[in-house]
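Report on the structure
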Amino acid sequence: MLLKLKEWIVSQYKTVEEYNDLPGQDVLLTDRYTQLLIIEKHRRQEEREKEMRTRGAGFFDARQKEYESITVDQLFKPDDRGDVPQTVILQGNSGHGKSFTAQKIMLDWASGSLYQDRFELVLHLSCKELNHLYNEGEQSVVDLVNVDEKFIPLVQKKLKESPQKVLLLIDGFDELQFPVSELRKCPVKDLSTPAQVDAIVGALLKGSILSECHLLVTTRPTASDKLNKLLKRPLRCTEILGFSEEGVHDYFKRFCKDEQFGEKTLGSVKENETLYTSCFIPVICWIVCTVFREHMEKHIDVTKGLETTTSIFVRFVSILLKHHCQGLKQPVPDLLRSLGQLAESGIQKQQVLFDKKSVEGTVSDLTSVPFLCKFLLKETVGTKEMFSFMHLSFQEFFTALHYTQDEERVKELLTLMEQQEGKTHLLPVIQFLFGLAKVKVVQDLKDLELTTNICLEKHLKEWVVKLIKKKDGRKMLFTLHCLYELHDEDFVRTAMAKWEKVKFESIPLTRADCWVLLYCLQCCPTIPSLTLSECNITPDKLRMLQPALRKCQELGVWNSILSDESVQQILTAVSKQKSVGTVWLSVKTITLHTAQNILNFMKSTPAAEHVRWLRMVMCSRHPENPGISPLWIEVLT
């Protein structure tokens, strides 16, 4: 009978429904589940602050150095004193994979690959389901577990005869919509006597019944202190931090299946530091992979079809509000406004951690809010509750969302940025503001019952045109990112026309920067002048930029140590332009192959007739005499 029970559990837990699945659609859990970063330590304040402010590869590097991850099969390992925990808390923020992990534990145990020597029976209690049972009157303990009726006798037998070999997995404690108390006038005494659901749950957690059973309880950190007061000891507390960098890579491979497309997609995302950092959250990872898969199915090149960072964040907020907000007691618009107010106050003070008093003064019903993280900090005497957003980028996003509700605040912010150069911490907020003015994003916000101020787009466009007219090269890349987030081709074309020259000097351009540059340049019919000097332009980036290079009337690529392949890509792009003024190229060495490419270009390409000046400089210098001038080839026509 136990074998039959395991087979039934496998059939129930082997698939998972995703957020956008239609009825009857599902995927295999093993095709999606990826190893999560689980730690058994309480992080220090400085660790949290540093992690929240770090982006890109540095974010994942810091995590790898700071934390030693444990696996699911180590949750009930003996501690340093040799004691095996009776109860394990597995806490994690919304969308970090707690329920996925609970489902994987059920599947692996039933499949024979987990806890075989430790537990003869693993039972799953979903707190979402317990909410429904609570309204149906008194129940018995076995009524609460997710098993088919025919297996109830077996469950009762195991619970009575060998409770020490049973694991009760209580998933989503923070989602319970009723108060839990083991102290009632009619306390639960045994397995079969009917009782109120809240009394049964309280008795199980406290160990008033089935005291020898082991417990694994998943919860958000916001409810962990309430849970901690109820649980029987000895107790182990663990935390899911989402994906490690290796986990992100593995997830992309699993999701995309096509290995080449998976690597291309991951490479694209890695260069967008904000987006890549956010992928430590499994839900964000799923959104990003889903967006890119849509592009693949529609045969859109991922380098052309990158979703704006803002639109990804809006989707994330929508999913968490729909699927991770059980029992929310305030209207969604009120919640988002209060989160925005808290976020903005922190951004102004450059603060990422908040004490309980300041949070409670802004956000009500903290246990139901999926966007805040709660943790305890040890003080000299006692502990202190602190809160934060999942990462600084989410705090910046909610700040921008808050500004969209107040036209005057937006004008004040933009004026402040014009007058004071040192407010660089506000630049990401402004980029999000441009993204929130995008037409499609505005519609998504309406679905959240939020409306952006109708003048927001007008003010942003006027401001960015002023910025362009100042011809401040230091802000050019930031400006391009703002235009990209706005995604208004007609306006981008008009704005770019005010730049006579697009010039980057000593600014290492990432692939994400090149996407943005490509998008903005492609909105233009022609490009008078483009210069990339010491910008770490690789053959791959040149390949990406090639559609825009062919529009350049004057082109310079300097000190990027171009390879033969890169030179050929540039010449190919130039050959498709009707009229080219000057081409300046910087190469590592002038090879015979490079010279031959130039001669072929000059002889056989119609556009070459219009090249007034082509100069190729060899930048390699003698190591003992770095003052030697570079060599160059000049072709004047």
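Here goes a summary of the coordinates provided. Nothing here was measured: the structure is a model prediction, and the numbers come from that model. (Residues numbered from 1 in each chain as written. Predicted model: local features only at pLDDT ≥ 70, side-chain atom pairs only at ≥ 80, totals over all residues. Heavy atoms only, no water.)

Bringing empty space enclosed by the protein into the picture now. Under the defined criterion, the tally for this structure stands at two cavities of 30 Å³ or more. Its volume calculated, the largest cavity comes out at about 160 Å³. As for the largest cavity, its lining consists of 18 residues, and the residues nearest its centre are Arg43, Arg48, Glu51, Asn93 and Cys373. For the lining of the largest cavity, the elements supplying multiple residues, two or more each, are α3 (45–53), β8 (235–240), β10 (372–378) and β11 (383–389). (1 Å grid on protein atoms, 1.4 Å probe; cavity = no way out; pocket = protein on both sides within 12 Å on 5 of 7 lines; lining within 4 Å. Points joined across faces, edges and corners; volume = space filled by probe spheres on them. Helix = DSSP H or I, 4+ residues; strand = E, 2+ residues; numbered from the N terminus.)

It is worth spelling out the sheet that holds strand β9 (residues 354–355) at this point. Pairing is antiparallel across the open sheet formed by three strands, whose spatial order is β9-β11-β10. The open sheet terminates on both sides in strands that have one partner only, identified here as β9 and β10. Strand direction decides the pairing type here: β10 and β11, joined by seven bridges, are antiparallel. Its bridge partner being in β11, Phe375 is matched across the sheet by Met386. (Pairing = 2+ DSSP bridges.)

Turning our eyes to something else, we now look at the nonpolar core. By size, the foremost hydrophobic cluster in this structure holds 204 residues, and its most contacted members are Tyr115, Leu205, Phe316, Leu339, Phe398, Met496 and Phe504. Setting aside its immediate chain neighbours within four residues, Phe316 contacts Ile281, Val283, Ile284, Ile287, Phe371, Met390 and Phe394. (Core = buried A, V, L, I, M, F, W, Y, C linked by side-chain atoms within 4.5 Å. Buried < 20%, exposed > 50% of the residue type's maximum accessible area, 1.4 Å probe, protein only. Contact = heavy atoms within 4.5 Å.)

Let's shift gears to the layout of surface pockets. Its volume calculated, the largest pocket comes out at about 1,400 Å³. In terms of lining residues, the largest pocket is bounded by 47 residues, among which Val16, Ser99, Phe100, Gln103 and Lys128 are the most central. When residues of the lining of the largest pocket are traced back to their parent elements, those giving at least two are α1 (2–13), β1 (15–16), α5 (98–111), β5 (121–126), α6 (127–134), α7 (141–144) and α14 (282–297). Broken down by element, the lining of the largest pocket gets its largest block of residues, six residues, from α6. Counted by class, the lining of the largest pocket contains 17 nonpolar, 18 polar and twelve charged residues. (Nonpolar A, V, L, I, M, F, W, Y, C, P; charged D, E, K, R; others polar.)

With that out of the way, let us pick up the packing of helix α22 (residues 456–469) against helix α23 (residues 476–486). Contact geometry for α22 and α23: axes closest at 11 Å, N-to-C directions at 155°. When the axes of α22 and α23 are compared, the pair comes out roughly antiparallel. The hand of the α22/α23 crossing is left-handed. Here Glu457, Lys461, Trp463, Val464, Leu467 and Ile468 of α22 lie close against α23, whose contacting residues are Phe478, Thr479, Leu483 and Leu486. A class-by-class count of the residues in the contact of α22 with α23 yields seven nonpolar, one polar and two charged. (Axes fitted to C-alpha atoms, helices over the stretch in contact; angles between N-to-C directions. Parallel < 35°, antiparallel > 145°, perpendicular 65-115°, else oblique. Left-handed = near helix turned anticlockwise from the far one by under 90°.)

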